[in-house]
Amino acid sequence: MNGHVKLGERLRNRKKFTLYDKNVIVTGASGGLGRELTLCLVKKYRCHVLGVGRNEQRLRETAELLGDAADSFRFRVADVTKREDWRSLAAEAAADGFNADVLINNAGILPRFARFGDYSEEEIEKGMDTNLQSVMYGCRAFLPLFENKQGTAIINIASADALCPLVGTSVYSAGKAAVKALSEAMREEYRCRVYIPTVCPGFIRTDIMKGQSRAVSPLVNLASMPADKAARVILRRVNVRRSQIVLGADAHFMSLAYRIAPVWSLRLFRVFMKASGLALFADIFE
Ligand SMILES: NC(=O)c1ccc[n+]([C@@H]2O[C@H](COP(=O)([O-])OP(=O)(O)OC[C@H]3O[C@@H](n4cnc5c(N)ncnc54)[C@H](OP(=O)(O)O)[C@@H]3O)[C@@H](O)[C@H]2O)c1
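The rules behind each value
- Residues numbered from 1 in each chain as written.
- Predicted model: local features only at pLDDT ≥ 70, side-chain atom pairs only at ≥ 80, totals over all residues.
- Core = buried A, V, L, I, M, F, W, Y, C linked by C-beta atoms within 7 Å.
- Buried ≥ 20, exposed ≤ 12 C-beta atoms within 10 Å, placed from the backbone.
- Helix = DSSP H or I, 4+ residues; strand = E, 2+ residues; numbered from the N terminus.
- Contact = placed C-beta atoms within 7 Å.
- Near = placed C-beta within 6 Å.
- Nonpolar A, V, L, I, M, F, W, Y, C, P; charged D, E, K, R; others polar.
- Axes fitted to C-alpha atoms, helices over the stretch in contact; angles between N-to-C directions.
- Parallel < 35°, antiparallel > 145°, perpendicular 65-115°, else oblique.
- Left-handed = near helix turned anticlockwise from the far one by under 90°.
- Pairing = 2+ DSSP bridges.
- Right-handed = clockwise from strand over helix to strand, strands pointing away.
- Expected span 1.5 Å × (residues − 1).

Visitor: Lay out the nonpolar core with the relevant residues and their values.
Guide: Within the largest apolar cluster, 62 residues are counted, with the highest numbers of intra-cluster contacts made by Leu37, Val49, Cys200, Ile234 and Leu247. The greatest single-element share of this core, amounting to seven residues, is contributed by helix α5 (residues 121–146). If sequence neighbours within four positions are ignored, Cys200 has contacts with Ala158, Ser159, Ala160, Ala162, Leu163, Lys180, Gln244, Ile245, Val246, Leu247 and Ala251.

Visitor: Hey, could you go over the site of the ligand for me, with residue numbers and the actual values?
Guide: The full set close to the ligand counts 28 residues, and Gly28, Gly32, Gly53, Arg54 and Gly108 are the nearest of them. Mapped by element, the contributors of at least two residues to the shell around the ligand are α2 (32–43) and β2 (48–53). Of all the elements, α2 adds the most residues to the shell around the ligand, at three residues. Class assignment of the residues belonging to the shell around the ligand gives a composition of 10 nonpolar, 14 polar and four charged.

Visitor: Before we move on, could you go through the packing of α5 against helix α6 (residues 170–189) and cite the residues and values that matter?
Guide: Relative orientation of the contacting elements α5 and α6 amounts to 15°, with a least axis distance of 8 Å. As the angle between them shows, α5 and α6 are arranged roughly parallel. At the point where α5 passes α6, the crossing takes the right-handed sense. In contact with Ile124, Gly127, Met128, Asn131, Leu132, Val135, Met136 and Cys139 of α5, α6 contributes Val171, Tyr172, Gly175, Lys176, Ala178, Val179, Leu182 and Met186. Residues of the contact of α5 with α6, tallied by class, amount to 12 nonpolar, three polar and one charged.

Visitor: Which residues make up the pairing of strand β4 (residues 102–105), and what values go with them?
Guide: Every second residue of β4 is oriented toward a common face, with Val102 and Ile104 on one face and Leu103 and Asn105 on the other, all of them buried. Bridge count for strand β1 (residues 23–27) against β4 is three bridges, and the pairing is parallel. Across the sheet, Ile25 pairs through a bridge with Leu103, a residue of β4. Both β4 and strand β5 (residues 152–157) contribute to a ladder of four bridges, which runs parallel. When the bridges of β5 are listed, Val102 appears paired with Ala153. This β-α-β element, β4 to α5 to β5, shows right-handed connectivity.

Visitor: With reference to specific residues and values, describe the environment of Ser159.
Guide: Mapping Ser159 onto the fold places it in the loop between β5 and α6. Residues Ser159 and Ile204 lie 45 residues apart in sequence; the distance between their C-alpha atoms is 10 Å. Setting aside residues up to four positions removed in sequence, Ser159 forms contacts with Lys176, Cys200 and Pro201.

Visitor: Tell me what's going on with α5, and back it up with residues and numbers.
Guide: For α5, with 26 residues, the first-to-last C-alpha span of 35 Å sits near the 38 Å given by 1.5 Å per residue. Where α5 is buried, its residues contact β1, α4 (83–95), β4, β5, α6 and β6 (194–195).

As structure tokens, this is what we get:
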């Protein structure tokens, strides 16, 4: 009987998920997609957001962009690659009366386009720590709090590269594919307790390319989705409990091509990238 009650409660909990009025932690709220997610969460979904990032000035700018709604935003300077920062984030948020319902693991970096053997050990570690290890730290810090609370979610931002790895992105693709696998396994483990979707966007117009050692063609920017639109679409789909959110025509195309021809699709993309002659990809084909 008890089991039935618990199951019933869990199913009601599942149906009840909505983003409106939630307390949300957004990593990488100091720029790009994380900033736009923050603005949309506060303005459209009446959420309170705790933004995380390393750059205090840019976190303050996010607050300024909220104008009159800035009261719904607070921030904390933290490095998501550090386990101790996650521990103190969870403890201090609770002590501060911020009773989190949703965690968005958004902070991430794109290592330069290069062949795997040409990365330094530091580049590989930084890529994996930021894109994968941080997500695991975040999940472990908040799952115990979310598991027995209604209407909770952990939203993990992966990438189209998790659906179809491209040449020159081995470290990024490996980290993002692992985030996707991690989220999918956890989604089943915590089914009806914590909603855990994976988001796989294609190119979004942000500063993510700034770390590249080569010039980024305006073509890449032209082909990218504006970050405010990406944030709106992601949150709309989260609000209707989609499990996997693929964003942008490029991401859908990569996903389809990989499912049809897992070997030849990669070769085809390689040929396109080489033929494009873009400086961005030069290190891969030297
Ligand atoms: N843009 C795209 O085309 C694209 C496509 C697919 C997936 N994504 C994913 O979307 C997410 C957001 O990327 P974006 O495009 O918005 O990139 P972005 O403009 O470069 O912003 C990245 C954010 O992550 C934060 N961050 C990076 N390392 C951090 C660390 N160690 N600790 C705390 N915060 C850190 C940065 O804040 P601080 O500098 O203040 O620390 C910044 O706010 C990433 O996971 C990325 O992989 C992006």
